[in-house]
Amino acid sequence: MPYFTSDQTRDIRTAKVLADVFCAIMLATFAVVFFGWLGGLAAFIVLEACLLAVDWLVPSKDDAAAVVR
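Q: In this structure, what is going on with the overall build of the chain? I would like to understand it.
A: Looking only at helices and strands, the chain has one helix and zero strands in total. A sequence separation of at least 24 residues applies to 38% of the contacts in the chain between residues at least 6 apart. Summing over all exposed atoms, the chain offers an accessible surface of approximately 5600 Å²; the carbon and sulfur share of this is 76%.

Q: Help me understand a nonpolar patch on the surface, please; the structure alone is not making it clear to me.
A: Where nonpolar side chains cluster on the molecular surface, the patch consists of Phe 22, Met 26, Phe 30, Val 33, Phe 34 and Phe 35 and spans about 700 Å² of accessible area. Examined against the element boundaries, Met 26 turns out to sit in helix H1 (residues 10-57).

Q: Help me understand H1 in this model?
A: Along an α-helix, a turn takes 3.6 residues, which lines up residues three or four apart on a common side. The terminal C-alpha atoms of H1 lie 24 Å apart, and with 48 residues this falls more than 12% below the ideal 70 Å at 1.5 Å per residue. At Gly 36, H1 is deflected by roughly 130°, the largest bend along its length. Those residues of H1 that fall on the buried side of the exposure criterion are Ala 24, Ala 31 and Gly 40.

Q: How do you make sense of the environment of Ala 43 when you look at a structure like this?
A: Structurally, the position occupied by Ala 43 is in helix H1. By relative accessible area, which is 25% here, Ala 43 ends up partly exposed. In this structure, the C-alpha to C-alpha distance between Ala 43 and Val 32, residues 11 residues apart in sequence, is 8.5 Å. Setting aside chain neighbours within four positions, we find Ala 43 in contact with Ala 31 and Phe 35.

Parameters and conventions
- Residues numbered from 1 in each chain as written.
- Predicted model: local features only at pLDDT ≥ 70, side-chain atom pairs only at ≥ 80, totals over all residues.
- Heavy atoms only, no water.
- Helix = DSSP H or I, 4+ residues; strand = E, 2+ residues; numbered from the N terminus.
- Contact = heavy atoms within 4.5 Å.
- Areas by Shrake-Rupley, 256 points an atom, 1.4 Å probe, with all protein chains shown as cover.
- Patch = residues over 30% accessible without salt bridge, like charges linked within 9 Å, V, L, I, M, F, W, Y side chains within 5 Å.
- Salt bridge = Lys/Arg side-chain N within 4 Å of Asp/Glu carboxyl O.
- Expected span 1.5 Å × (residues − 1).
- Bend = angle between axes of the 7 residues up to and from the residue.
- Buried < 20%, exposed > 50% of the residue type's maximum accessible area, 1.4 Å probe, protein only.

It is worth stressing that arrangement in space is one thing and function is another; only the former is reported here.
Put into C-alpha coordinates, the structure is as follows:
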(Lines give C-alpha, C1' and ligand atoms only; values in the text may rest on other atoms or scores of the structure.)
Protein backbone atom coordinates (compact mmCIF):
# COMPACT_ATOMS: atom_id res chain seq x y z
CA MET A 1 0.00 0.00 0.00
CA PRO A 2 1.50 3.35 -0.92
CA TYR A 3 1.92 5.80 1.91
CA PHE A 4 0.26 8.53 -0.14
CA THR A 5 -2.41 7.54 -2.63
CA SER A 6 -3.08 9.55 -5.77
CA ASP A 7 -6.45 10.84 -4.55
CA GLN A 8 -5.10 12.44 -1.34
CA THR A 9 -4.79 16.20 -1.18
CA ARG A 10 -1.82 18.11 0.24
CA ASP A 11 -3.73 18.80 3.48
CA ILE A 12 -4.54 15.13 4.01
CA ARG A 13 -0.91 14.16 3.39
CA THR A 14 0.32 16.76 5.88
CA ALA A 15 -2.19 15.62 8.50
CA LYS A 16 -1.17 12.00 7.96
CA VAL A 17 2.51 12.78 8.54
CA LEU A 18 1.73 14.86 11.64
CA ALA A 19 -0.46 12.08 13.05
CA ASP A 20 2.31 9.53 12.46
CA VAL A 21 4.88 11.76 14.16
CA PHE A 22 2.58 12.29 17.15
CA CYS A 23 1.92 8.55 17.46
CA ALA A 24 5.64 7.75 17.21
CA ILE A 25 6.47 10.24 19.98
CA MET A 26 3.68 8.86 22.17
CA LEU A 27 4.74 5.24 21.59
CA ALA A 28 8.38 6.05 22.29
CA THR A 29 7.41 7.82 25.52
CA PHE A 30 5.34 4.86 26.71
CA ALA A 31 8.07 2.39 25.75
CA VAL A 32 10.73 4.31 27.71
CA VAL A 33 8.45 4.72 30.75
CA PHE A 34 7.55 1.04 30.91
CA PHE A 35 10.84 -0.58 29.82
CA GLY A 36 13.59 1.95 30.59
CA TRP A 37 15.91 3.58 28.06
CA LEU A 38 17.45 0.48 26.50
CA GLY A 39 14.34 -1.69 26.61
CA GLY A 40 12.19 1.23 25.48
CA LEU A 41 14.36 1.83 22.47
CA ALA A 42 14.22 -1.86 21.53
CA ALA A 43 10.44 -2.00 22.07
CA PHE A 44 9.94 1.15 20.00
CA ILE A 45 11.99 -0.22 17.11
CA VAL A 46 10.11 -3.54 17.13
CA LEU A 47 6.72 -1.82 17.36
CA GLU A 48 7.47 0.63 14.55
CA ALA A 49 8.74 -2.20 12.36
CA CYS A 50 5.49 -4.10 12.94
CA LEU A 51 3.36 -1.03 12.18
CA LEU A 52 5.28 -0.34 8.97
CA ALA A 53 4.90 -4.00 7.96
CA VAL A 54 1.14 -3.77 8.42
CA ASP A 55 1.04 -0.60 6.31
CA TRP A 56 2.99 -2.37 3.60
CA LEU A 57 0.86 -5.53 3.58
CA VAL A 58 -2.64 -4.05 3.75
CA PRO A 59 -3.91 -3.57 0.20
CA SER A 60 -5.27 -0.24 -0.95
CA LYS A 61 -8.25 0.35 -3.21
CA ASP A 62 -5.82 1.06 -6.09
CA ASP A 63 -4.28 -2.43 -5.95
CA ALA A 64 -5.61 -5.07 -8.30
CA ALA A 65 -7.34 -8.05 -6.75
CA ALA A 66 -5.05 -10.87 -5.55
CA VAL A 67 -1.86 -8.86 -5.96
CA VAL A 68 1.06 -10.35 -4.08
CA ARG A 69 4.04 -8.13 -3.37
